[in-house]
Amino acid sequence: MDPLETARVRGDFPLLERTMGGSRLAYLDSGATAQKPTCVIDAEQDFLTRSNAAVHRGAHTLAVEATEAFEAARAAVARFVGADTEEVVWTKNATEALNLVAYGFANASAGLGGDEAARFRVGPGDTLVVTEMEHHANLVPWQQLAARTGARLRWLPLTDDGRLDLTDLETIVDDSTAVLAFTHVSNVLGTINEVDRLVARAREVGALTVLDACQSAAHLPLDLHALDVDFAAFSGHKMLGPTGIGALYGRKHLLDALPPVLTGGSMITTVTMEETRFLPAPQRFEAGTQPVAQIVGLGAAVEYLTEIGMDTVAMHEAAVGEALLSGVREIPGVRVLGPLDPTRRIGTVSFDVEGVHAHDVGQFLDSRGVAARVGHHCAQPLHRRYGITASTRASSAIYTDTADVEQFLAALSEVRAFFGAHA
Ligand code: PLP
């Protein structure tokens with residue numbers, strides 16, 4: 001993307017016009033949450049001012065309009081991630097989506113769902129495999145499933161340069177493996193994982209795959225059918241959409257068999273005082289009133305990204321990522337986490353500044369108008385693997401420009417001197 005187009009894109013994001021204590025804002029925390037283009041803000045507002053009504057209920061015009069907008073957004077999101085419309089279940093965020101799968105397994109293991117749910121039953125003798133680079137959202141639910149069922153948790157370790165170490169893939173993922181849950185892209189290291197290889201191994205042993213697509217969905221072209229995963233999760237707020245909305249993708253026949261977690265209204269066919277029959281997916285997972293305005297906003301976000309083109313987005317962010325990576329590497333006393341080959345990562349760069357705590361780094365950057373993330377980024381095991389408790393992360397999006405990178409690098413190059421941490 002040439003600078004002129006980036007300037008045009010930036011014009012779509014009103015928040016980027018803000019200044020921070022007199023400095024230009026360099027927003028480099030899109031990995032935590034992305035800023036929103038005007039079309040998303042407008043879509044939510046238009047829905048609330050013109051079409052707000054309960055969906056899938058009522059025969060009045062507003063209810064029909066609201067239902068159409070709700071389902072059109074589902075279709076748009078499904079197209080965007082390479083799925084069929086009925087394979088997209090609305091959730092609050094990726095965390096909820098991942099929990100929904102893990103709790104579905106737990107419910108099946110407790111006997112719910114009958115024979116249809118048999119393939120989700122796990123117990124002693126089964127293994128659940130994750131990786132050492134997971135966000136806690138794709139680790140803790142599997143730990144909990146193991147604790148509930150007696151299944152064992154295993155994990156794929158990391159190499160020193162921030163890739164998955166697949167040397168022992170064949171022994172870690174074996175005939176006992178029921179689930180292989182892994183992230184597409186690490187939220188800390190930016191590493192893009194080899195989905196093909198992991199899915200191929202899972203298929204060989206009959207394990208189901210769960211992909212955390214939180215850090216890929218807004219940054220890389222995503223085709224879940226082509227990736228051949230069984231389940232996937234992502235969050236709207238990281239994809240230029242609103243907070244409070246995310247999605248679970250699942251192969252239709254699996255979703256139709258997975259026991260639901262939240263039960264109640266809007267997810268049933270018949271209810272008697274003794275028992276209940278559930279709707280097929282996706283409705284069987286959408287109990288209760290849904291965040292319709294946010295869903296409409298997410299629909300607008302994916303249409304916006306589609307219009308720009310995800311190949312263009314990926315190219316732009318690869319260029320930003322390369323500039324961030326090479327710039328950070330040149331600063332003395334700063335250690336980059338993750339692969340040094342820019343083609344193996346997205347535009348996210350985390351690093352450790354020798355002699356300065358990440359929170360101090362973050363505050364100093366903030367004083368220069370740079371918004372970056374500090375802490376463990378919900379990935380404590382990953383940080384422990386690299387001998388640190390926290391890092392600083394600069395993460396990009398479609399609106400990140402050269403001025404953001406330069407402002408950040410200029411500020412970062414002053415950090416150690418400011419804190420008296422000379423080599
Ligand atoms: N997975 C990854 C890789 C993430 O980066 C995040 C958020 O940072 C999550 C899961 C959880 O997303 P949310 O908090 O929106 O549920």
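Residues numbered from 1 in each chain as written. Predicted model: local features only at pLDDT ≥ 70, side-chain atom pairs only at ≥ 80, totals over all residues. Heavy atoms only, no water.

A. Representation of the overall build of the protein within the structure. Within the protein one finds 14 helices and 17 strands. Projected onto the principal axes, the alpha-carbon positions of the protein cover approximately 70 × 55 × 30 Å. Buried residues in the protein amount to 57% of all 423 residues. In the protein, 70% of the contacts between residues at least 6 apart in sequence involve partners at least 24 apart. Accessible area of the protein: about 17,200 Å², with a carbon and sulfur share of 52%. Averaging the coordinates of the 34 positive side-chain charges in the protein and doing the same for the 53 negative ones gives two points 4 Å apart. (Helix = DSSP H or I, 4+ residues; strand = E, 2+ residues; numbered from the N terminus. Buried < 20%, exposed > 50% of the residue type's maximum accessible area, 1.4 Å probe, protein only. Contact = heavy atoms within 4.5 Å. Areas by Shrake-Rupley, 256 points an atom, 1.4 Å probe, with all protein chains shown as cover. Lys, Arg positive; Asp, Glu negative; His and termini not counted. Charge placed at Lys NZ, Arg CZ, Asp CG, Glu CD.)

B. The site of the ligand, seen in detail. Taken together, 13 residues sit near the ligand, with Thr95, Asp212, Gln215, Ser235 and Lys238 positioned nearest. Within the contact set of the ligand, an oxygen atom lies 2.7 Å away from a side-chain nitrogen or oxygen of Gln215. Here an oxygen atom of the ligand and a side-chain polar atom of His237 are 2.7 Å apart. For the ligand, whose accessible area on its own is 390 Å², the fraction buried by protein is 88%. By residue class, the composition of the shell around the ligand is three nonpolar, eight polar and two charged. (Near = heavy atom within 4 Å. Polar contact = N/O pair within 3.5 Å; in protein donor to acceptor, adjacent residues only side chain to side chain. Nonpolar A, V, L, I, M, F, W, Y, C, P; charged D, E, K, R; others polar.)

C. Quick peek at the packing of helix 11 (residues 310-329) against helix 14 (residues 402-418). At a minimum axis separation of 10 Å, helix 11 and helix 14 run at an interaxial angle of 15 degrees. It follows from the interaxial angle that helix 11 and helix 14 lie roughly parallel. Between helix 11 and helix 14 lies a crossing of right-handed hand. Across the interface between the two elements, Val320, Ala323, Leu324, Gly327 and Val328 of helix 11 pack against Val405, Phe408, Leu409 and Leu412 of helix 14. Classifying every residue of the contact of helix 11 with helix 14 by side-chain character gives eight nonpolar, one polar and no charged. (Axes fitted to C-alpha atoms, helices over the stretch in contact; angles between N-to-C directions. Parallel < 35°, antiparallel > 145°, perpendicular 65-115°, else oblique. Left-handed = near helix turned anticlockwise from the far one by under 90°.)

D. Spatial organisation of the sheet that holds strand 7 (residues 177-183). Strands sit in the order 4-10-9-8-7-5-6 across an open sheet of seven strands; the sheet is mixed. Only two strands of the sheet have a single partner each, and these edge strands are strand 4 (88-91) and strand 6 (152-156). Recorded for the sheet is a direction-independent mean angle of 20 degrees between the axes of neighbouring strands. Across five bridges, strand 5 (residues 127-131) lies against strand 6 in parallel orientation. Directly across from Val130, in strand 6, lies its bridge partner Trp155. Packing of helix 4 (residues 94-109) onto the sheet brings it into contact with strand 4, strand 7, strand 8 (208-212), strand 9 (231-235) and strand 10 (246-250), and relative to strand 9 it is tilted by some 150 degrees. Those strands touched by helix 7 (residues 195-205) are strand 6, strand 7 and strand 8, and its axis lies near 170 degrees from that of strand 7. (Pairing = 2+ DSSP bridges.)

E. The arrangement of the environment of Ala417 in detail. Structurally, Ala417 is set in helix 14. In sequence terms Ala417 and Ser266 are 151 residues apart; their C-alpha atoms lie 59 Å from each other.

F. Structural context of the state of the cysteines. Applying the stated criterion across every chain, the model contains zero disulfides. Looking at Cys214, it has no disulfide partner, and the nearest cysteine sulfur is the one in Cys378, 11 Å off. Its relative accessible area of 12% is what places Cys214 among the buried residues. (Disulfide = S-S within 2.5 Å.)

G. Here's a closer look at the sheet that holds strand 17 (residues 391-395). Read from one edge of the open sheet, four strands run 13-14-17-16, paired in antiparallel fashion. Because the sheet does not close on itself, it has two edges, and the strands there are strand 13 (334-337) and strand 16 (373-375). Looking at each pair of strands side by side, their axes are set apart by 30 degrees on average, direction ignored. Summarising the sheet, strand 14 (residues 348-353) and strand 17 pair through four bridges and their orientation is antiparallel. The residue bridging Ser350 from the neighbouring strand is Arg393, located in strand 17. Of the strands in this sheet, strand 13, strand 14 and strand 17 touch helix 11, which is tilted by about 15 degrees from strand 14. Lying on the sheet, helix 14 is in contact with strand 14 and strand 17; it crosses strand 14 at an angle near 15 degrees.

Note that all results are geometric; they support no functional claim without further evidence.
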